[in-house]
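Single-letter residue listing:
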Amino acid sequence: TQTWYRVSTVSATTGGGGLQPFGSHLYYGQDQFLGFTDGLATDNNAFTFKENSATPRPHVIIAGKLFTLNGRYVASLNSDETTFDDEALTLPAGWVGRSMEIWNSQIAITADLTPTGATNPSQSKLFLWDAINPTYSTALELPFAKAPLLGSHDNLLWMFGDDGALNGLVYIFNGAQLEKVFFLPDTVFHGLGSKAKFQSDLIVGINGRTTGDNGGILAIGRESGSTTYGASLSHLKSSGSNVSAVNIGGLYAESNNILAAFQDGATTYGIDRSDNDQFPDSGALIQTLPLHLGTPELKKTFQSLKLDLDTAGTATGSTLQVLYRIDSATAAFTALKTIAITDDLNMLLPIRKIGRRIELQFKWVTTANAPIRLRSFTINFSVQEKSN
C-alpha cells in the first residue's frame, strides 16, 4: 500500500529485525520488543524479549506458532496472538543465535560464541529443534568462526558464511553429513536474512567486497535431473548512482520478479525490481564469479573467449562490451572488445593471459530497440605445469 509507518522505538543498532505476516498482523523484531501493525495502527511494544541486545530477529512459522530468534533464546507467539513465551528455547550460555530456518519439520538455528575478552566470534554451531520439546535435539560443530546464514532448498540445509578473509564458503547438511559445496573468492554474504526462493533457484544477497564493488544476488541451482549445483552472480544493483560498497540486505521473490533492498554507501538506500520479461537497459551488466575451470591450484593460459550472441530485433545501435580480470586483481576490469549489433555475433576473442582464475563482465553499453542477447560463452584455456 501507500501507507508507511515510523517505528520510533527501533534502535539504530538493531541487528536485522525481520518482517513476518502472522494471523491478522505484520510482526517486526526490535532490540527489546516484538511489535506489530494491522495496517491501521501499530503497537511497537507488544511483547518483550528476554534479551535486548542488538542481534538478529529472524522469524519462522511452524506448528501454528510464530517463533522469533532473540540472542540465546527463541520466543514463541501462539495463534491467538496473545500467548507469548519469551524463552520457548534456550541455547547454552554465551551463544548468540544469528540465523533461523524451517527444515524437515524442524527449526534450524546457527549460533556463535565469542570468548570472554574477545571482540569476534571464534566458534559456531547448528542447533536443531522440533519446536515442541523444551530443548534442542542436535548441536553440530560448524567450520565457521561466525555463524552462517541458513537457507532451505531441495531438502538440504544450506549455510552461507566466510573463511575470515572475504571469501565465501557454502556448506550443505543433509541430516547426516556436512559437506562443502562452494569456495567463492572475494564473495561476502550479507548474512542478515538476505535470501529467497526464485523459480527453481535459491538466491542470496552479496555485499560489495570493497568501496568500489557492486553487491548483487547470488543464484544457486541445477539442471533438471542433475545432482551438480552451480552458482552465478545473477543480478547486480541497478545503475544510476555511484557504487560504494553496495550491500543487498533484503530479498523477496515471486513469479518473474525479485525485489532487492540495497544500501549504496552510507546514506543511499533503495529497492530494485527485476523483470524477466524485459531486456536489459543501457548500463546493465553481467559479472561472473572468479572461474578456476576445475583446477584452482594450477596456472592456466586463458587463450580466448567464444561468444554465442544473437539479437532480439532488427534495429541498429546496440553495443555489448566484454571485459575480463585475472586472479581477482584489485585493479579495474580490462576491456576486451566492444561488439556492435552489426558485427559477427559468434566471434572468437583472443585473451592470452596467464593466471589461476578469470572473471568476466558483459556490459550493455547501448541497447536502442534491439539489445544484443548473450546465450552462452566458452573459455578456451590450457593448463601449465603445477606451480607453488
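Residues numbered from 1 in each chain as written. Predicted model: local features only at pLDDT ≥ 70, side-chain atom pairs only at ≥ 80, totals over all residues. Heavy atoms only, no water.

Draft legend 1. Spotlight on the packing of aromatic side chains. As enumerated under the stated definition, the model contains 13 aromatic pairs in all. Their ring planes at 65° and their centres at 5.2 Å tell us that F160 and F189 sit as a pair that is edge-to-face. With a gap of 29 residues between them, F160 in strand 14 (residues 156–162) and F189 in strand 17 (residues 188–189) connect regions that are remote in the sequence. For F160, a relative accessible area of 3% gives the class buried. A network of ring pairs unites the aromatic residues W158, F160, F189 and Y229 as a single cluster. The ring of F49 is capped by R57, whose NZ or CZ atom sits 5.1 Å from the centre of that ring. (Phe/Tyr/Trp six-rings, centres within 6.5 Å; stacked < 30°, edge-to-face > 60°. Helix = DSSP H or I, 4+ residues; strand = E, 2+ residues; numbered from the N terminus. Buried < 20%, exposed > 50% of the residue type's maximum accessible area, 1.4 Å probe, protein only. Lys NZ or Arg CZ within 6 Å of the ring centre and 35° of its normal.)

Draft legend 2. Quick peek at the sheet that holds strand 5 (residues 59–62). The strand order across the open sheet formed by four strands is 5-6-7-8, and the pairing between neighbours is antiparallel. In the strand order of this sheet, the two ends are held by strand 5 and strand 8 (84–90), each with one partner. Averaged over all pairs of adjacent strands, the angle between strand axes in this sheet comes to 30°, irrespective of strand direction. Note: strand 7 (residues 73–77) against strand 8, four bridges, orientation antiparallel. Bridging from a neighbouring strand, L77 pairs with F84 of strand 8. (Pairing = 2+ DSSP bridges. Axes fitted to C-alpha atoms, helices over the stretch in contact; angles between N-to-C directions.)

Draft legend 3. Geometry of unusual backbone geometry. Positive phi values are uncommon outside glycine, yet A63 reaches one of about 55°. Along the chain, the position of A63 falls in the loop between strand 5 and strand 6 (65–70). With relative accessibility at 66%, the residue A63 sits in the exposed group.

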